[in-house]
Each structure stands twice: as structure tokens, then as C-alpha cells.
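One-letter residues, chain by chain:
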Amino acid sequence: MPQPPDLAAAGLVVAGVLTLASLWPPVQAWLPEWSLPTRLAFLMVVGALWGRQAHPRLAAALAAGATLLVLVAALSQGLAHASADATWPPAGWASLRLGLALAGLLAWGCTGPAPARAGWIWLGAAAQLGVATSAWAAPGPSWPTRAVLALLALGALWLARSQPVPAGLIRRLEGGLNWLRQHPGPSHLPAPPVAAPGTAPAAPADPRELSRSLLQLAGWGMAMVSLGEEPRILACNPAFAGLLGHDVEALEGLLERRCLVPACWVALATARAQALIQGSAQVELRHRHHNGDELATLAHLTLVRDAAGQPSHYLVSVQDIGALKQVQQQALGLATQLHAVLEAMPVGVWIGDAQGQTERVNPAVQSLGLYGRAEPACGRGDHESLMRRAVITGDVVRSGLRSVLDAQGVLREIQITAKPIFDARGRAVGVLAVDEDLTEARRSALALRHSSELLERIFNASMAGMALVNEAGEVVRCNLAWRLLVDAMEGQSLLATLAPADLITVREELAAIARGEHGMHMGEHAVRRPAAALAWTSLALSRLPGERDEQVRLLVQAADVEARRRADEEIAAARLRLAAAQRMAGMGEWRLDIDRGLVICSMELLRLLGYGPSDQVLPRGSWIERMPPEDRASYAAALERALNGDGRLSLDTRLKRPDGEVMVVHLHAVMQRSGSGRVLMGTLQDVTERKRIEDALRSSREQLRALVVYEGQLIEDERKRIAREVHDELGQLVTALRMDLSMLRQSLPEEPQALERADRMRQTMATMSNVVRHVASHLRPGALDMGLVAAIEWLAEDFSLRWETRCQLELAHDLEPSLPESVALALFRAVQESLTNIAKHAQATQVTIGLEPRGTLLHLTVRDNGRGFDPAVVAARRGGGLGLLGMRERMLAIGAVIDIATGPNGTVVDILYDMDKNPSTP
């Protein structure tokens, strides 16, 4: 066993103290042989012995350097002493130098493997002992020198004692022991007969008789077997016969191979041939028992020669090794199992001898890459150091946590545990070291700690109230959010904060969850707040996992839902109001999911269309099936424009209810995005009654317009008749009266007064004639009979004369449009109404009337530079705007388009009439 590290360290300290103390002159005078090279060599030798295990190469270099230093110093001092005037060294100088040189060689031998240099160490220890003995026997060396040499000799013997004995010596000892076993001493043999005095010496004894005597004295099975190709048993002792289950007489003369299994005959023949050559041989055989069983035996054959040296017979010693073989098989099985266990163990296992040297490692050590690692930390040297400490202390030795890189370059956390192995007598026969890979355990512990810290932070920083309660509902622990939401602190009961309506429910749920009957409970309850007010709070109860013997803990999570409940109530009320409004308005909601092709309808929409609650989700084309065929094309076109165009849908269509009733609905929708798809959100309103009213109003308006047109036509006809009667009848009477008045004047006397009166009457009659003509013209201008252009010219001339306003005409005189009388009259009245409005309100100084054919269109324009008017103000006046309304109605009656544009710079009336259009169909 190597020198313990603590003794080597103590030796190094002592060597250093001696080296330093020798520099003091009084001590140096006391040690005359202790020169500087000697001190350095002694220090180097002790340092090599101290570091031979941790740093074997450095220790070998120090030991070799110490020996070389001693030899060089001795050679140089010897050469110096060879001169005549040199001073001889003190007595003991040579012994001390020789002892140091031998100590250096001994330290160098300890740095290598023990079996390789064991002989050198034993030889060096013997030489060191001889030098120390000679120094103590000689009178010359000083006492300190003798003491140092004695210490070196004791250390050498200690090191030699800890080294294994050389193999050659062991082999020689084993050979001697075997010879003693094969050749028993003379004490076991009968004493030879003593010849009487004066008689001749007796003849030498027969070897066979001596062998027979030895058989009777031996306590184990022995037999005497003859030579030759068919060896027979000449004699045997009872032990041999009992081993095979026979009598002695039954075995004598029997062929030797009859006692063996045939498979062992060749091995026996080979052993006999070896014994014939070498004198002895040993072989394992299988003998056959009398009952047929096979016995595992160990046979030792010894060749016996006669007095002439010729082979006489074989002496065979047989031992039953069945139990030994069974033990060997058990040991082999245990070794196989141990090998399999070591191969399968996930931890690294080091098996060392009684000196702590590694003998075997399992594959886990190889995978960790620690066996061949050069550095001491977690390498082979570190493990062997721990194993030596375990052997010395006789107890378990553990290292600290080591961080190493395995063979794959992964960082591992390793802990080494070394434990000695003791035999039945309590002696250390080996040592085990185990490498525990704590990487995953450390990671798991670190992850668990991080998880615990994270859960603690989440618990304390959560916005939701959290509390741990027992099965009785008492709060064990709570966070800050809980303190703000629930008026139940540590040690108080959660049940005391609940409203009476919720108390029984929550208490039963707590008990059921604590018993494991329910997994969790979620509900909204009225809970008392710290401000002593009840508020709606969402409570989630769940049981925390734990061991059976642990107290039941429940986690309660609380969230404020008061605002949401109020919002839900408001939303519900708003939905009710919306449903009522939709019902009153006859309107329903619908949503078209374009990607899925489904229409989702509201309940009011289902009621309007006559569907049931199961028809809330309809296919996309279900509406078309309920439309009349003439409305389907317009609906499909409008829907296509909404999907691929501006995203808007506005359409009136007809739908058929299941009861057969046809209803008119207004569809309105807007395209929206919902997640990753498109949705058309819209409404459906029942406008059947409104459409009926609109149709009735439209029919009434059309009838009124027809009545107005009819009345206008009657008025125009009446005007035409009155104008004709006024012009024809009254004109003729006025003309006849003028003629009678002229004749009457001629018959009057020449009285001034009578003549003057007659002239005044004639002028009055002329004025009356003009008035009659003027009235007839305004009732129906006679120029209309000549065409629209002539009528407009007459109207412009009359306007200029009456209102003294310039009226410019832009008429095509060479192209008189061919118009029906009703159209020409309507256009003439429009111009007449425009000039009347200009005269009354415009205060214009310039009026322009234009008439221009444009293909089949006739463009009529009346423009002035007056002050214009506000149509809204005119329409708001009582009775205002009737002239404009009459113009629009006349144009609508003939199918013309009228546009009136007004502003501060005047007013423009534009009329377009299609001359190819039938005026009877507007």
C-alpha cells in the first residue's frame, strides 16, 4: 500500500525544517556532513516521495535529480580530496552520500508501477538497511548522520513492505510447497530397521512396499497405479475406495480408466506422459461413482522410481473438488451477473484493489470520458485518491460536486462516492467508487425552484383574487387582489361573505370538491366587499393535489364581474328594446357568411318570413326559392355587385311566405370583415304596406296629373273657343258698330259738340276693337296657327312693348319644327310663364329666348340677367311656385325635360323635347 499522503506531507515539512535549520552556524557545526548538495538532495528525495501519486513524472525527475546531484557532489569532492593540500571530509560523509543516493533510487522506483519495480525497491531497502547498520557500527559518523540514515532505512523498509513480493520468489515458494506436499517428510514414514552391531547393512526397501505403507498412512484418497498402456490399480487406501463407493478389494487389479468417465481418458493419458517426463503432473478428472454419479476430482500423479532409478509405478492422489467446482460455478454466475449489472448501471462504477488502484470500470465511466482523463479533477487520479482515503479511513468518502465535460462535450455535474469492501475478518480487500450524474437532478431541482418562485410571483402579482381555503371554507392564505375583492382575510371564513341565497350552494360545492366528488365549481355569486357592499363576483373552486395524509387545500379564484353583469343587463335590455323596435318596424337582421355560404337570421326575421326557430341558419340560395321568377335576376345582380363591387346592397324585392302571402321587403346590407373571411351584414324590412301606400299615392298623383292635363286641355279648348267667339262675334259687332257710328257722324249737323262726341265715340270703338283683339290673342294667339316660331316672336314683341325690356330672339326662322298642337301650346305657355315671372320678379334688363333643333331633340331656352330667386323660399310662400309647378306639369305631360337654374346673375330655363316621342305617352 502506498505511503499515506499525510505521512508524506509530514516528512516533507520535516525535511524543509532540517534543510533550513542546517543553515544556522551552530547547527551546521553540529552536522559537519550536512553540506549544501546534501541538503538539496535530501529535500528533493522527500518531495519525490510526497508527490509520487499525484505527479509521478515530476516525482521521478526529482528522485533521479537527487541521485545525480549526490553522485556529482561526491565525485567533485573526491577529486578535490585527491590533491595534496585538500582537507578530507569528516567521518560519515561517504555513508551519508551513499544513503542519499540509495534513497533517490528507492524514490524513483516508487514512482512506477508496483509489479515492475518491486524487486528494485526490495533491493534498495536491503542496501539502505546495510548502510544504516554500517554507519551505526563505525565510530566515525556523527549521531545526527546515524539518525538520518536510520530514518531512511526505516522508510525504505516501510515502502518495501507495502510493495508486492516479486513473482519469481512467489513461484519458488509455491514450487517448494508443492514438493513438500508430494514428498512427505520422514516423520510420516516408518523408521528404517537398524542393523545390529557387527552385521551387514540391510538391503534397500522396495518402492512398492513403501508406497503401500504411505497409502495406509494417508488421510486422503490415494492409489498405486501400474505403468504400461493398460494401467491397473495395484493398491488403494479406504479413502480412495470410499470416494468411488467401492471396497478396497474390488478396486485392486481394476483398470484405472474403468473408474473414469470416457471423456477423461485422453486427459489421464496426457497427465501420465507428463509425469513420466517431469516426475509429477496434475489434472482435473471426472471419476465415476458406484451408483453412476460423476465426481469432479483433482488428481496428482507422482512417478515413483526404484533403487536403480527406473520407473516403478505411479502414486495417484485424488481429491473431491465437486464443492469447489460448485463454488466456482456460483462465483462465475455471480461474476456474470455482476458484469451484467455493471454494464447496465447508468452510473459510473470504479472497482479498485486494497491499495486503491483501479482494476475495472463499467461502460458508464467510459461514456463520461473520465477513465483516461489526464487532469486530476474527476480523472483517474482523483478517483484513486478518494478510494485510498476510503480504504485508510474505513468509511464512505464523498467528493464535492464536480463539473466535467463528458465524451460528447456535454457539461455534467458529477459527485464521487468511495466505499471500502471488507472481508469476513474486517480487512479491506477492495474499494468501490460510484460516479453519480446529478445533472438531471440538479436541473430538476433548479426547475422546481424556478417553478416555485414563478408560482409564488404569479400568486402575488395576479390581477385575479386567489386564496387557499380549507374544507370548512376558512382562508389560509390570500394575495393582494383577493384582499381588494373579498372581505375575508387569513383565518376568516369565505362563507361568511356570501349572500344568503348563495351560501348553501357554495358550502355544498366546497364539501363535494374536498371529498373528491366534484372536480371544480365555477359560478357568479354575490360576495361582500371590504367596503361592506355586496357585489357580483365570479368564484372558481378547485382542489389542490396532495398526499393522502395532507390536509385538504382548495384554491379559490375571484374576479370582479359587477361591471360585466351590469353591462350584460344593459345589453339584454338593449336587445329587448331592439327586438321591440324591430317588431314595430317590421325589420329583421341577417348575416351572410360568404365563405361558408350560410345565412344566419334573427328571430324577428324568421317571424317575418314565416320560418321556425330551427331555420335560423339557412343555405345561401334559400331566399331565391321564395322570390317570384321576375325578381330573381335583379336580386342576383344586386348581390353580385355587393360582393364584387362597392360592398353595399339596397334592393326592394318580393318574397313569398309559407302561407302563400306575397310580401314586399327592402334588403339593405354592408360588407364587413370577420376574422379571415367576409360577411355581408344586413337588414330586411317588411315594406308591403308602404309599397301599397306608395303605389296608391303614385296612382293618385298620376290620376291628378292626368286630371290637371285634362283640365288644362279643357281650359285651352275653352280659351280657344272664347278667343274665337271674342274675335269673331264681338269683333264683328264692334266693326259693325264702328261702321254705323261713321255713318251716323256723317248725318249729324255741323255742331262742334256733336261732332266732337262722335269722334270720341269712334276712338272708343277703335280702342275696344284693339282690346277685343288683344284679349283674343292672349286667350289663344293666332300666331300659333302659323307655328311655334311665329308665336314666340309675337310673344317677345308683346313683352318688349308692354314692359319695355329688351327681348332677344335666337330662333331658326328657316326651320320651323313640326310639332303637335298640344306640344306647341305647352312650349308656348312655358315661354309665356317664364316671361311673366321675369316681368314680375326678375327686374331684368335683358331676356334671351332660344329655340334650336338638335337632331330629334328640340332645345328651348329662356335666359335673363335678373336677380334670380331661392326655390326653397318661393316654395315656402303660401301659394308660391304654382307657376313653376304648372310649367313642370305641362312638360311632364308632353314628355319634355325641364331644368331651372337660378342664381344672383339670373335664371335659365332649359327644356328638351324629343320630337320622335308620342306626347300621349310621357
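Note: the structure precedes this text.
Residues numbered from 1 in each chain as written. Predicted model: local features only at pLDDT ≥ 70, side-chain atom pairs only at ≥ 80, totals over all residues. Heavy atoms only, no water.

Observations regarding the pattern of salt bridges
Then comes step 1: One pass over the full model with this rule turns up 22 salt bridges.
Then comes step 2: Across the salt bridge formed by Arg 286 and Glu 294, the nearest N and O atoms sit 3.2 Å from each other.
Then comes step 3: By relative accessible area, which is 46% here, Glu 294 ends up partly exposed.
Then comes step 4: Between Glu 517 and Arg 515 there is a salt bridge, with the nearest N and O atoms lying 3.0 Å from each other.
Then comes step 5: Residue classification places Glu 517 among the exposed residues on the basis of a relative accessible area of 53%.
Then comes step 6: Among the ionic contacts, a cluster of salt bridges with common partners joins Glu 524, Arg 564, Arg 565 and Asp 568. (Salt bridge = Lys/Arg side-chain N within 4 Å of Asp/Glu carboxyl O. Buried < 20%, exposed > 50% of the residue type's maximum accessible area, 1.4 Å probe, protein only.)

Side note on the nonpolar core
Then comes step 1: In terms of nonpolar packing, the biggest core is built from 36 residues, with Leu 827, Met 891 and Ile 911 touching the most fellow members.
Then comes step 2: Top element by residues in this core is helix α26 (residues 821-842). It accounts for 10 residues.
Then comes step 3: Contacts of Met 891, omitting those with residues within four sequence positions, involve Ala 826, Leu 827, Ala 830, Ala 896, Ile 898 and Ile 911.
Then comes step 4: Of all hydrophobic cores here, the second largest spans 27 residues; its members include Leu 605, Leu 609, Leu 651 and Leu 667. (Core = buried A, V, L, I, M, F, W, Y, C linked by side-chain atoms within 4.5 Å. Helix = DSSP H or I, 4+ residues; strand = E, 2+ residues; numbered from the N terminus. Contact = heavy atoms within 4.5 Å.)

Notes on the environment of Ala 540
Then comes step 1: In this fold, Ala 540 is placed in strand β15 (residues 534-543).
Then comes step 2: Accessibility expressed as a relative area gives 12% for Ala 540, which makes it buried.
Then comes step 3: Excluding residues that lie within four positions of it along the chain, Ala 540 makes contacts with His 521, Met 522, Leu 555, Val 556 and Gln 557.

Observations concerning the pairing of strand β18 (residues 598-601)
Then comes step 1: Residues of β18 alternate between two faces, with Val 599 and Cys 601 buried on one and Leu 598 and Ile 600 left unburied on the opposite face.
Then comes step 2: Two elements, β18 and strand β19 (residues 617-619), share three bridges in a ladder whose sense is antiparallel. Note on β19: the bridge partner recorded for Ile 600 is Val 617. (Pairing = 2+ DSSP bridges.)

Topic: the packing of aromatic side chains
Then comes step 1: According to the stated counting rule, one finds zero aromatic pairs in the structure shown.
Then comes step 2: For the cation-ring pair, Arg 257 lies above Trp 265, with the distance from its terminal atom to the ring centre recorded as 5.5 Å.
Then comes step 3: The positively charged end of Arg 565 is found above the aromatic ring belonging to Trp 536, 3.7 Å away from the centroid. (Phe/Tyr/Trp six-rings, centres within 6.5 Å; stacked < 30°, edge-to-face > 60°. Lys NZ or Arg CZ within 6 Å of the ring centre and 35° of its normal.)

Comments concerning α26
Then comes step 1: Its 22 residues place the ends of α26 30 Å apart at the C-alpha level, agreeing with the 32 Å of an ideal helix rising 1.5 Å per residue.
Then comes step 2: Gln 843 sits one or two residues past α26 and shows a positive phi near 55°. (Expected span 1.5 Å × (residues − 1).)

Observations regarding the packing of helix α25 (residues 788-803) against α26
Then comes step 1: Look at α25 against α26: their axes get within 10 Å of each other, and the N-to-C directions meet at 15°. Looking at the two axes, α25 sits roughly parallel to α26. Here α25 and α26 pass one another in a crossing that is right-handed. In this structure, α25 contributes Leu 788, Ala 791, Trp 794, Leu 795, Phe 799 and Trp 803 to the contact, and α26 contributes Ala 824, Leu 827, Phe 828, Val 831, Gln 832, Leu 835, Ile 838 and Ala 839.
Then comes step 2: Of the residues contributing to the contact of α25 with α26, the split by class is 13 nonpolar, one polar and no charged. (Axes fitted to C-alpha atoms, helices over the stretch in contact; angles between N-to-C directions. Parallel < 35°, antiparallel > 145°, perpendicular 65-115°, else oblique. Left-handed = near helix turned anticlockwise from the far one by under 90°. Nonpolar A, V, L, I, M, F, W, Y, C, P; charged D, E, K, R; others polar.)

Some words on the sheet that holds strand β27 (residues 906-914)
Then comes step 1: Judged by pairing direction, the sheet is mixed, and its five strands sit side by side in the order β23-β24-β25-β27-β26 without closing on themselves. Two strands lie at the open edges of the sheet, namely β23 (806-811) and β26 (897-903), each paired on one side alone. Between one strand and the next, the sheet's axes are offset by a mean angle of 10°, whatever the strand orientation.
Then comes step 2: With eight bridges joining them, strand β25 (residues 857-864) and β27 adopt antiparallel strand pairing. Within the sheet, the bridge partner assigned to Leu 857 lies in β27 and is Asp 914.
Then comes step 3: Where α26 meets the sheet, its contacts fall on β24 (846-854), β25 and β27, and the angle it forms with β25 comes to roughly 10°.
Then comes step 4: Against the sheet, helix α28 (residues 882-894) makes contact with β26 and β27, and its axis sits at roughly 155° relative to β26, the strand it touches most.

So, the sheet that holds strand β3 (residues 280-288)
Then comes step 1: Read from one edge to the other, the open sheet built from five strands follows the order β2-β1-β5-β4-β3, with strand pairing classed as antiparallel. Where the open sheet ends on each side, the last strands, each with one partner, are β2 (233-236) and β3. Pairs of neighbouring strands in the sheet enclose a mean axial angle of 30°, with direction left out of account.
Then comes step 2: Lying over the sheet, helix α12 (residues 265-278) contacts β1 (221-225), β3, β4 (294-305) and β5 (311-320), oriented at roughly 160° with respect to β3.

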